[in-house]
Amino acid sequence: MTALTRLAATIAERRDAADPDGSYTAALLAKGPEKTAEKFGEEAVEAVIEAVRGDPARLTSEAADVLYHLLVMCAARGVALDDIEAELARREGTSGHAEKAARPR
Ligand SMILES: N=c1c2ncn([C@@H]3O[C@H](COP(=O)(O)OP(=O)(O)OP(=O)(O)O)[C@@H](O)[C@H]3O)c2ncn1[C@@H]1O[C@H](COP(=O)(O)O)[C@@H](O)[C@H]1O
C-alpha cells in the first residue's frame, strides 16, 4: 500500500467517524465541500508559486499539501482515490494529442 493509498483511507475514516476537535481533516470537512475546494485552490496556487521559483524541496512540500487537499475535496463529494485511479487507467495509452483531436467540436 502506498502513502497516497493510506492517506486516502485515513481521510475517508476521518470523514465518516472522526471528531472535528481531534482531527484537522474532520474539522475541514465539517465546513462543507465548498471550503475544501477553497483550501485546495489556495494550496494549488502555493505549489504554482514554488514551481515558478524552482526550489525542488519547497515544491515537494507544497505538492504534498496539494495531494492531501485534493483528496479531502474529492472525499467531500464522495469521489475516492480508486475512482481517480480508474479514470487514469482508462486514459493509459491514449496520447493527450490524440484525445484532444478526438474531442467533439
Ligand atoms: N497530509 C496531511 C496534511 N497536509 C496538510 N495538512 C494540514 O493542512 C492545514 C493547512 O494549513 P493552512 O494554514 O493553509 O490552513 P488552516 O490552518 O486550516 O487555515 P484556514 O485558512 O483554513 O483558516 C495545516 O493544518 C496542515 O497541517 C494536513 N493534515 C493532515 N494530513 C494527513 O491527514 C492525516 C489525518 O490528519 P487529522 O485529520 O488531523 O488527524 C494525518 O496523519 C496526515 O497523514
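Residues numbered from 1 in each chain as written. Predicted model: local features only at pLDDT ≥ 70, side-chain atom pairs only at ≥ 80, totals over all residues. Heavy atoms only, no water.

Per an unreviewed UniProt entry, the chain is named Phosphoribosyl-ATP pyrophosphatase, and its organism is Tranquillimonas rosea. If you open the UniProt record of the chain and go to Catalytic activity (unreviewed entry), you find "1-(5-phospho-beta-D-ribosyl)-ATP + H2O = 1-(5-phospho-beta-D-ribosyl)-5'-AMP + diphosphate + H(+)". (UniProt positions renumbered as here; feature names shortened; annotations may be inferred.)

Undergrad: Can you walk me through the overall build of the chain in this structure?
TA: For the chain, the count of helices and strands is 6 helices and 0 strands. Traced from its N-terminal end to its C-terminal end, the chain shows the element sequence α-α-α-α-α-α. Overall, the chain is about 50 × 35 × 30 Å in size when its C-alpha atoms are taken along their principal axes. Relative to its 105 residues, the chain shows a buried fraction of 22%. Summing over all exposed atoms, the chain offers an accessible surface of approximately 7,300 Å²; the carbon and sulfur share of this is 56%. Positive and negative side-chain charges in the chain, numbering 14 and 19 respectively, have mean positions lying 6 Å apart. (Helix = DSSP H or I, 4+ residues; strand = E, 2+ residues; numbered from the N terminus. Buried < 20%, exposed > 50% of the residue type's maximum accessible area, 1.4 Å probe, protein only. Areas by Shrake-Rupley, 256 points an atom, 1.4 Å probe, with all protein chains shown as cover. Lys, Arg positive; Asp, Glu negative; His and termini not counted. Charge placed at Lys NZ, Arg CZ, Asp CG, Glu CD.)

Undergrad: Can you help me understand the side chain of T25 in this one?
TA: Residue position: T25 is located in helix α2 (residues 24–30). Setting aside anything within four residues of it in sequence, one finds T25 in contact with I11, R14, Y68 and V72. (Contact = heavy atoms within 4.5 Å.)

Undergrad: It is not clear to me how the environment of E87 should be interpreted in this structure. Could you clarify?
TA: Structurally, the position occupied by E87 is in helix α5 (residues 81–91). For E87, a relative accessible area of 28% translates into the label partly exposed. A polar contact is formed between the side chain of E87 and the side chain of R90, at a distance of 2.7 Å. Only 3.0 Å separates the side chain of E87 from the side chain of R91, close enough to count as a polar contact. (Polar contact = N/O pair within 3.5 Å; in protein donor to acceptor, adjacent residues only side chain to side chain.)

Undergrad: Which parts of the structure should I look at to understand the confidence of the model for the chain?
TA: Detailed conclusions should not be drawn from predicted coordinates in areas where pLDDT is low. Counting all residues, the mean pLDDT for the chain is 96, and 100% of those residues have values of 70 or more. Here the complex is predicted with pTM 0.94, and the ipTM for its interfaces comes to 0.91. (pLDDT = per-residue confidence, 0-100.)

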